Amino acid sequence: MGEAEVPLVKAIDMAKKYGDFIALHPLNIEVYSGEFFGVFGPNGAGKSTFIKLLTGQLRPSKGMIEVLGINAIDNPQKLKANIGIVPESESPPSFLTPVEFLEFVATLRNVENSTKEVEYWLDWFGLEEKRNTMCKDLSKGQRQKVMLAAAFIHRPKLLFLDEPFANLDPIYQRKCRQWLLDHVSNGGTIFLCSHVLEMAERMCNRMAIINDGKVLAAGSVKGLKLSSQETLEDVFIRLVGRSIEDVERLSDEGISEEE
Amino acid sequence: MSGVIISSKDWDEVEFTTNPTSLGTGSSGQKLHTPIRGWASFIATFKVMFKEEFRKNLEFAKARQIILFPLLLSLITMISTIGLQFLVGDSAAHVKDIESKTFTWQELRFALHLPLLMFSLGMGTFAFMGRDALIRRTGTKNFLLASPALQPLPNSVAHFVYFVKDLCFYVLLILSPIIVGMFFGIGLEPLASINTPLEVSSLPWTWIAMVITLAQGLVFSFLVSALWMRGRPYTVIGPILIVIFGISVGTRALDLNWFLLGLQVQSSQNVLMAIFYFLLCIILGYLSSRLIIDDFDVSVVEKGDMLKPMYDRLNFLGKGEVQLIVAKEFVDLFRSGSIKKMTVSYAIPLLVLLGMAWIVDFADAPIPINLLSYAPFLGFFGFNFYSWLTILDSSEFMNGLPIRVPQLIRAKVVVYFLATSWISLIFIVLMAWRLDEWASLPTSIIVMFANSIYIVALTAYLMGLRPNQAIFDASIMIWFWLGTVLPLLGLFLLSFTQGDVSLYGNWWERTSQDGLSATASIYDESLVQQGYMGMLMISVGLLLASLLLWKLMDRRWGDAHFDN
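Residues numbered from 1 in each chain as written. Chains lettered and ligands numbered in written order. Predicted model: local features only at pLDDT ≥ 70, side-chain atom pairs only at ≥ 80, totals over all residues.

### Focus: the overall build of chain B
Part 1 of the argument: Within chain B, the secondary structure is distributed over 23 helices and one strand.
Part 2 of the argument: Counting all 564 residues of chain B, 38% fall into the buried class.
Part 3 of the argument: When contacts within chain B are restricted to residue pairs at least 6 apart in sequence, long-range pairs at least 24 apart make up 79% of them. (Helix = DSSP H or I, 4+ residues; strand = E, 2+ residues; numbered from the N terminus. Buried ≥ 20, exposed ≤ 12 C-beta atoms within 10 Å, placed from the backbone. Contact = placed C-beta atoms within 7 Å.)

### Some remarks on the overall build of chain A
Part 1 of the argument: Tallying secondary structure elements over chain A gives nine helices and 10 strands in all.
Part 2 of the argument: Against the compact-globule benchmark of 18 Å for 259 residues, chain A has a radius of gyration of 19 Å, which places it among compact chains.
Part 3 of the argument: The principal-axis extents of the C-alpha atoms in chain A amount to approximately 55 × 55 × 40 Å.
Part 4 of the argument: In chain A, which comprises 259 residues, the proportion classed as buried is 54%.
Part 5 of the argument: Looking at chain A alone, contacts between residues at least 24 apart form 66% of all its contacts between residues at least 6 apart. (Rg over C-alpha atoms; globule rule 2.2 N^0.38 Å.)

### Observations regarding the sheet that holds strand β9 (residues 206–211) of chain A
Residues and elements named next belong to chain A.
Part 1 of the argument: Strand order in the open sheet formed by six strands is β6-β7-β8-β3-β9-β10, with mixed pairing between adjacent strands. The open sheet is flanked by β6 (84–86) and β10 (214–220), the only strands paired with a single partner. With strand direction ignored, the average angle separating the axes of adjacent strands in the sheet is 15°.
Part 2 of the argument: Bridge count between β9 and β10: six bridges; the pairing is antiparallel. Paired with Asn211 across the strands is Lys214, a residue of β10. (Pairing = 2+ DSSP bridges. Axes fitted to C-alpha atoms, helices over the stretch in contact; angles between N-to-C directions.)

### Digging into the pairing of β9(A)
Part 1 of the argument: Counting buried positions over the six residues of β9(A) gives five, a clear majority of the element.
Part 2 of the argument: In this structure, the hairpin formed by β9(A) and β10(A) is closed by a connection of two residues, where A:Asp212 is found at a positive phi of approximately 50°.

### Details of the packing of helix α16 (residues 371–378) of chain B against helix α18 (residues 405–435) of chain B
Residue and element names in this part refer to chain B.
Part 1 of the argument: The contact between α16 and α18 brings their axes to 10 Å, and the two run at 160°. In terms of orientation, α16 and α18 fall into the roughly antiparallel class. Seen from above, α16 lies across α18 with right-handed handedness. In this structure, α16 uses Leu371, Tyr374, Ala375 and Leu378 to contact α18, whose residues at the interface are Ser424, Phe427, Ile428, Met431, Ala432 and Leu435.
Part 2 of the argument: Of the residues that constitute the contact of α16 with α18, the class distribution is nine nonpolar, one polar and no charged. (Parallel < 35°, antiparallel > 145°, perpendicular 65-115°, else oblique. Left-handed = near helix turned anticlockwise from the far one by under 90°. Nonpolar A, V, L, I, M, F, W, Y, C, P; charged D, E, K, R; others polar.)

### Observations concerning unusual backbone geometry
All names here are of chain A.
Part 1 of the argument: In this structure, Asn110 is a non-glycine residue whose phi angle is positive, near 65°.
Part 2 of the argument: Position of Asn110 relative to the elements: it lies in the loop between α3 (98–108) and α4 (114–124).
Part 3 of the argument: Looking at Asn110, the number of C-beta atoms within 10 Å reads 17, which means it is partly exposed.
Part 4 of the argument: Phi angles above zero are rare outside glycine, and Asp212 is one such case at about 50°.
Part 5 of the argument: Looking at where Asp212 falls in the secondary structure, it is placed in the loop between β9 and β10.

### Side note on the pairing of strand β7 (residues 158–162) of chain A
All names here are of chain A.
Part 1 of the argument: Within β7, five of the five residues are buried, leaving the element largely enclosed by the surrounding structure.
Part 2 of the argument: Side-chain alternation along β7 places Leu158, Phe160 and Asp162 on one buried face and Leu159 and Leu161 on a second face that is also buried.
Part 3 of the argument: The sheet contact formed by β6 and β7 spans three bridges and is parallel. Bridging across to β7, Val86 finds its partner in Leu161.
Part 4 of the argument: Sheet analysis places β7 next to strand β8 (residues 189–194), joined by five bridges and oriented parallel. Residue Asp162 lies in a different strand from β8, and its bridge partner there is Cys193.

### Digging into the interface of chain B and chain A
Part 1 of the argument: Across the contact, 57 residues belong to chain B and 70 residues belong to chain A.
Part 2 of the argument: Only β1 (4–8) and α1 (38–60) of chain B provide two or more residues apiece to the side of chain B that touches chain A.
Part 3 of the argument: Here the side of chain B that touches chain A takes six residues from α1(B), the largest share from any one element.
Part 4 of the argument: For the side of chain B that touches chain A, the per-class residue count stands at 23 nonpolar, 22 polar and 12 charged.
Part 5 of the argument: Bridging between strand β2 (residues 21–31) of chain A and β1(B) involves five bridges; their strand directions are antiparallel. Bridge pairing in β1(B) places A:Asn28 opposite B:Ser7.

### Here's the deal with the nonpolar core
Part 1 of the argument: In this structure, A:Leu54, A:Val67, A:Leu102, A:Ala149, A:Ile153 and B:Ile212 are the most contacted members of the largest nonpolar core, which totals 203 residues.
Part 2 of the argument: Of the domains in this structure, domain 1 (3–83 + 158–168 + 182–225) and domain 2 (90–155) of chain A are the two that each give at least three residues to this core.
Part 3 of the argument: When sequence neighbours within four positions are dropped, the list of residues in contact with A:Ile153 reads A:Leu102, A:Val105, A:Ala106, A:Val111, A:Glu117, A:Val118 and A:Trp121. (Core = buried A, V, L, I, M, F, W, Y, C linked by C-beta atoms within 7 Å. Domains from an automatic or database assignment.)

### Points about the domain arrangement of chain A
All names here are of chain A.
Part 1 of the argument: Domain boundaries assigned for chain A yield domain 1 (3–83 + 158–168 + 182–225) and domain 2 (90–155).
Part 2 of the argument: Measuring from the centre of the C-alpha atoms in domain 1 to the corresponding centre in domain 2 gives 24 Å.
Part 3 of the argument: Contacts between the two partners involve six residues from domain 1, matched on the other side by six residues from domain 2.
Part 4 of the argument: Counted by class, the side of domain 1 that touches domain 2 contains five nonpolar, one polar and no charged residues.

### A look at the confidence of the model for chain B
Residue and element names in this part refer to chain B.
Part 1 of the argument: Of all residues in chain B, 84% have pLDDT values of 70 or greater, and the mean over the chain is 82.
Part 2 of the argument: Looking at the elements of chain B, mean pLDDT is at its lowest for helix α3 (residues 98–101), recorded as 47, and at its highest for helix α12 (residues 271–290), recorded as 96.
Part 3 of the argument: In this model, residues 90–101 is a region of pLDDT below 50 whose contacts with residues beyond four sequence positions or in other chains number 22 contacts. (pLDDT = per-residue confidence, 0-100.)

### Some remarks on the packing of helix α5 (residues 126–135) of chain B against helix α6 (residues 155–187) of chain B
Between two packed helices, the angle of one axis relative to the other and the distance separating the axes together describe the packing.
Residues and elements named next belong to chain B.
Part 1 of the argument: Relative orientation of the contacting elements α5 and α6 amounts to 120°, with a least axis distance of 10 Å. For the element pair α5 / α6, the angle class is oblique. At the point where α5 passes α6, the crossing takes the right-handed sense. Contacts from Phe126, Ala127 and Gly130 of α5 reach α6 at His159, Tyr162 and Phe163.
Part 2 of the argument: Among the residues making up the contact of α5 with α6, the classes are represented as four nonpolar, two polar and no charged.

### Digging into the sheet that holds strand β1 (residues 9–18) of chain A
Each strand in a sheet pairs with another by means of backbone hydrogen bonds, the pair being arranged parallel or else antiparallel.
Part 1 of the argument: A sheet is described by the order of its strands in space; here five strands give the open sequence β5(A)-β4(A)-β1(A)-β2(A)-β1(B), paired in antiparallel fashion. Each edge of the open sheet is held by one strand with a lone partner, namely β5 (70–71) of chain A together with β1 of chain B.
Part 2 of the argument: Pairing geometry for β1(A) and strand β4 (residues 62–67) of chain A, over five bridges, is antiparallel. Counterpart to A:Ile12 in the pairing with β4(A) is A:Met64.

### Concerning the environment of B:Gln266
Residue and element names in this part refer to chain B.
Part 1 of the argument: Following the sequence through the fold, Gln266 ends up in helix α11 (residues 261–268).
Part 2 of the argument: For Gln266, a count of 24 C-beta atoms within 10 Å gives the class buried.
Part 3 of the argument: Considered as a pair, Gln266 and Met306 are 40 residues apart in the sequence and their alpha carbons are 52 Å apart.
Part 4 of the argument: Once you skip the residues sitting within four places of it in the chain, Gln266 turns out to touch Arg109, Trp205, Thr206 and Ala209.

### A short note on the environment of A:Val39
Residues and elements named next belong to chain A.
Part 1 of the argument: When you line up the elements, Val39 lands in strand β3 (residues 36–40).
Part 2 of the argument: When the C-alpha positions of Val39 and Leu168 are compared, they lie 20 Å apart, and in sequence the two are 129 residues distant.
Part 3 of the argument: Leaving out residues up to four positions away in the same chain, Val39 has contacts with Lys47, Phe50, Cys193, Ala208 and Ile210.

And the structure:
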């Protein structure tokens, strides 16, 4: 079996429980090269747990996880060195400057030409002027750019992004979106978590919708729609358990109250 | 094959098995990096962590103030060095009976190393700090100690670097200025006819010995916290070690001098011993760090409403914001599990004082220690507890609420008092029992509580929500030092009127004639009463000062933002 035919990501019965609370039900997944795969779900659906398990940030309660041939449970450091992770709401260390943080990350990952890479990504994200400002004094959007740069700095083929565009201005949203699409067309693979359905329409070739720690549906973005009239938002609401009529009724009540 | 295959099952549907074989994934041609390891990762992390520590401290205190802090420390040590001649028998050559009326060098060294050990024990709970950093990493502040969650850096390496970084930081910021102060104190000898018994040649050994004591305290604390965080069965090892140690010292099976490694090094001036103990501390630090596993789980825990019942129980505080914030702070204390750690860390210095009352016999020294001498010190340890209270939870969310910083500060002072007063009370009663001084217990309780409330009110007023950073601000340090040492000294000296030694009555007259071998020739009951009144008046003064600080809190912190 050739290298192109094996999955990059594979988990068998991967599950996470906190006490009695099941954050993620047993889940099997295989992701192959060249995918832009999105996991969507409402708040608290288990998206971040899903991504943290696959990236070695969390140990599963049960199951097996392997990414790029690396066992995510036994060797999370090696895995983290070879993938890019953008967490949902984490900032870079408050008392380091962007340039220091990127140098630190590049050194840990053993990146060749680290200085050149640091400069490239500072420039790419327009952080040149803020290069010596401590991260705590950056805006939320600027901090997010630093986190994105730290995930891209070693040019990994496989990226895990959790709400990657949160706080980014529209210009950089577009710039990053285009970069990610180019990355996939050049053979990269992206695993994305979000509740912004627009991202699925614009970027993903396959998606899954999860709720209460369970996959409700998965397939191509088009394939999930029952008809050509159905929007992705309709699909989402249908699957996560609230009928469209319920939502419309709630909206109407909201409007009549305001009136 | 291409694409994505994904499916879910119910929890009960799956019979979990662990298959050690590979799942057959590949890197799709990507050349895999091996993250740096060992010494290289230590150095890379140390560089940025040291920078982070320095900036963290610089953030609160201005650059000028952070430089002034070691200068201030040097100055205080210089003055203390000059004062040594009055304490050490060797130099007080003009008095008789020197041996029994003065401290020996060994006792003074003990007095240097024991507080240093206490300080470092309080600062070394790195495993707890790591956990806190991890929990808070999604907040507005993030620290390098939490970086293993996302970066290819083992948690154990990050913690070991943190230990070494803190050791270096305290050596530079605290120990070295102390030695410099001693050096200048000795240097004043020919200039001002001062006769200090310290010699320059002993300073390198003093420095080395202090470094070892500091390292010992940090590493012991690190080890206990790492064992605690590791979970069962390791969790019980730390407390068992502490209890065994306490019993051994209490029953004199273990000599406390023996336990102070730095003290041994300073006494023996043995190079091999110094190297051995230092390496032992570093190796123990390394082993402690190895106990820290790569566990980045932050549990999801569901709890019933604790705020409302807590709020109702605090009705005696009077309805208002303070009652509500105090209730919230107590919920934080219980839910975070910090109440146990904080109570233990508050009780440890008190245990040491109790141990001193038990073991150390001051009868031969020219200081007539009694229950009232201990009382102000019992109230002195509020600083650590208050500091801990300020880092329990980020307060930044309060910026959007109709609450002001002074209200939160006041609430924390109230929490401190409610959470610790019963501990202090138990200790003072135990001391009264040990010293058999029941008569002075009521006054001691008043002195202790007045001092306790005042110290925390002063800390809160001067340092607000960030005492850990503010303590390195020289100007705040000066005010804190003056504000605490002066009343403490007053109470301490006045307490001598109450003991079984009546030296104080004619102290100045007698010591002018007989120096340290002075004894009282007049014992006047009225002096005892005056001493009592003096202590009570200082205590009332401290309570009034606390009230004033309470009122002034609005002026100092009224415009501040919530940021701890």
